[in-house]
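Overview (structure and organization)
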Amino acid sequence: MAFELGIYHFGELTPDPVTHVPPEPGRRLRELIEQASVADEAGLDVFAVGEHHRSDFAVSSPAVVLAAMAENTRNIKLSSAVTVLSSDDPVRVFQQFATLDLISGGRAEIIAGRGSFTESFPLFGYELTDYDKLFADKLDLLQQLRQENPITWQGLTRPPLRNADITPQPERELPLWVAVGGTPASAVRAAKLGLPLSLAIIGGSYRQFAPFVDLYRQAATEFGHDPAQLKVSINSPGFVADTHQEAIDISHPYFEAGWAANNHQRGRGVPMPFAAYEAQSTPGGAYFLGSPQEVIDKIMAQYELFQHDRLLIQLAFGDVPQKETIKAIELLGAEVAPVVRKEIASLRGEQNAEAKS
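Counting restarts for each chain, with residues numbered from 1 along the sequence as it is written. Residues qualify for local features only when their pLDDT is at least 70, as the model is predicted, and side-chain atom pairs are given and counted only at 80 or more; totals for whole chains, interfaces and linings, by contrast, use all residues. Hydrogen atoms and water are omitted, and side-chain values are computed over all heavy atoms in the structure.

Moving on to the overall build of the protein chain. Counting its secondary structure elements, the protein chain contains 11 helices and 12 strands. Between the two quantities, the radius of gyration covers C-alpha atoms and the globule rule is 2.2 Å times the number of residues to the power 0.38. In terms of C-alpha radius of gyration, the protein chain reaches 20 Å, essentially the compact-globule figure of 21 Å for 357 residues. For the C-alpha atoms alone, the extent of the protein chain along its principal axes is close to 60 × 60 × 40 Å. Exposure categories follow from relative accessible area, calculated using a 1.4 Å probe and restricted to protein chains: below 20% of the type maximum is buried, above 50% is exposed, and the middle band is partly exposed. In the protein chain, which comprises 357 residues, the proportion classed as buried is 52%. At a minimum sequence separation of 6, the contacts of the protein chain that also span at least 24 residues come to 72%. Per-residue and other accessible areas follow the Shrake-Rupley method at a 1.4 Å probe size, with only the shown protein chains counted as cover for residues. Summed over all atoms, the accessible surface of the protein chain reaches about 15,000 Å², with 53% contributed by carbon and sulfur. Think of it this way: Lys and Arg go in the positive column, Asp and Glu in the negative one, and His and the chain ends go nowhere. Just so you know, the charge point we use is NZ for Lys, CZ for Arg, CG for Asp and CD for Glu. Side-chain charges in the protein chain split into 30 positive and 45 negative, and the spacing between the mean points of these groups amounts to 4 Å. Helical segments are the DSSP runs of H or I of at least four residues, strand segments are the runs of E of at least two, and each set is numbered from the N terminus. It only takes one pair of heavy atoms within 4.5 Å for two residues to be counted as in contact.

The structure is reproduced here in structure tokens:
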């Protein structure tokens, strides 16, 4: 697997920092569809949209949005980011993404997580006290759905399945990643199941997350999996422009508004002053924020630490205007991705040569 670079979005409906008016959901969704098309043309590898069930987000059904993107793209992988599996039905999730995979010609992926927001639990009749049990049970079912049909399964949180025929079936095994936000038990669970790890780093120093990746690979070995065969994705916010200052100046007002309005439960957003935002763009900060060369440098520094296989950037968080977002996508595809792929391929070639000698 060559190193992959992509974008993820949550379709937030953050009020504009100047007009204080939020975008209409329809406009926001059409913008995301256009962004996916531009990302595909720019040669990026993945476009992902996340699931929320709140009035300040436009995407509650990632598979529907991704299916619209499928008809406007040809090569880019289309993923959830994430599917809140704890409050969903794994059978329906599988059917939706199998349908997406057939429509897109084999480009669908699922990133399954427990969810950092809680609105979906009462909405669909689940208890928050069952938060972890629901995810573990449903992840077990979803993984089995990928491997066999008809399926017989019995768990703890939903009625059993007995020789159930699940349709449609994709023409390949659907890729499934486990989303982790920094919980050691979640990293171990992904390793035990032999599933790739999708690690969210949304602030602070990225170096503090190295132990989670190390734990994941160590646990994989203990559970009989080859860690070299298990993929790791790093997912963090960012924005790219021609210069460092331009990237900061364009994106900060929107990021600050989005961070306050959307990042936590309603009414509990946290401030993101200019100095704190710029600090995240420094070599030790988590955000991929700055000029193309600065983004390249941070990707390569992280690769040295994590030896990961994929980077997804939460690009233009907080509704950065479409014109500037499109330019950022084009810069990622034209100036960042080719350099990163070449440098990482060279490093991997050297590592393989050393391993054989």
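A side-chain nitrogen of Lys or Arg and a carboxyl oxygen of Asp or Glu constitute a salt bridge if their distance falls within 4 Å. As enumerated under the stated definition, the model contains 18 salt bridges in all. As a salt-bridge pair, E4 and R310 come within 2.6 Å of each other at their nearest N and O atoms. You can see E4 sitting in strand β1 (residues 4–9) and its partner R310 sitting in strand β12 (residues 310–315), a full 306 residues away along the chain. The same class applies to E4 and to R310, which are both buried.

Right, let's get into the packing of aromatic side chains. Any two rings among Phe, Tyr and Trp, with Trp reduced to its six-membered ring, count as a pair given centres within 6.5 Å; such a pair is stacked if its planes are under 30 degrees apart, edge-to-face if over 60, and tilted if neither. The full count for this structure, using the stated rule, is 12 aromatic pairs. A centroid spacing of 5.1 Å and a plane angle of 20° characterise the contact between F255 and W259, whose relative ring orientation is stacked. Here F255 pairs with W259, and both are found in helix α8 (residues 244–262), just 4 residues apart, close to one helical turn. Here the two residues F255 and W259 agree in accessibility, since each one is buried. A connected cluster of aromatic rings, assembled from ring pairs, spans F255, W259, Y277, Y287 and F317.

Judged by which residues are buried, strand β2 (residues 46–49) turns out to be covered on both faces: V46 and A48 on one side and F47 and V49 on the other are all buried. Here 4 bridges tie β1 to β2, and the two strands are oriented parallel to one another. Among the inter-strand pairings, G6 is bridged to a residue of β2, identified as V46. When the strands point away from the viewer, a crossover counts as right-handed if the path from the first strand over the helix to the second runs clockwise. Traced from β1 through helix α1 (residues 25–42) to β2, the parallel crossover comes out right-handed. As paired elements, β2 and strand β3 (residues 77–80) share 4 bridges and run parallel to each other. Counterpart to V49 in the pairing with β3 is S80. Taking the sense of rotation as the criterion, the β-α-β connection linking β2, helix α2 (residues 62–70) and β3 turns out right-handed. Strand pairing is defined by DSSP finding a minimum of two bridges between the two strands.

Every axis in this analysis is a line fitted to C-alpha atoms, fitted for helices over the stretch in contact. Angles between the N-to-C directions lie between 0 and 180 degrees. As a packed pair, α1 and α2 sit with axes 9 Å apart at the nearest point and diverge in direction by 50°. Taken together, the axes of α1 and α2 are oblique relative to one another. As α1 packs across α2, the resulting crossing turns out to be right-handed. Counted together, L29, L32, I33 and A36 of α1 and V65, A68 and M69 of α2 form the full contact between these two elements. In this count, Pro and Cys sit with the nonpolar residues alongside Ala, Val, Leu, Ile, Met, Phe, Trp and Tyr, while Asp, Glu, Lys and Arg are called charged and the others, Gly among them, polar. Within the contact of α1 with α2, the residues separate by chemical class into 7 nonpolar, no polar and no charged. Angles are sorted into four bins: roughly parallel if under 35 degrees, roughly antiparallel if over 145, roughly perpendicular if 65 to 115, and oblique for all others. Rotating anticlockwise by less than a right angle from the far helix to the near helix defines a left-handed crossing, while the corresponding clockwise rotation defines a right-handed one.

Across the chain, the bulk of peptide bonds are trans and the bulk of non-glycine residues have phi less than zero. Note that the residue after N149, namely P150, is joined by a cis bond; omega there is 0°. As for its placement among the helices and strands, P150 is situated in the loop between α5 (131–147) and β6 (151–153). Omega for the bond connecting T167 with P168 falls within 30 degrees of zero, at -5°, which places this linkage in the cis form. If you trace the backbone, P168 turns up in the loop between β7 (161–164) and β8 (176–180). The backbone of H20 shows a phi angle near 65°, a positive value even though the residue is not glycine.

As a packed pair, α1 and helix α11 (residues 322–356) sit with axes 9 Å apart at the nearest point and diverge in direction by 25°. Judged by the inter-axis angle, α1 sits roughly parallel to α11. Seen from above, α1 lies across α11 with right-handed handedness. From α1, E31, E34, Q35, V38, A39 and A42 reach across to α11, where they touch Q322, T325, I326, I329, E330 and G333. Grouping the constituent residues of the contact of α1 with α11 by class yields 5 nonpolar, 4 polar and 3 charged.

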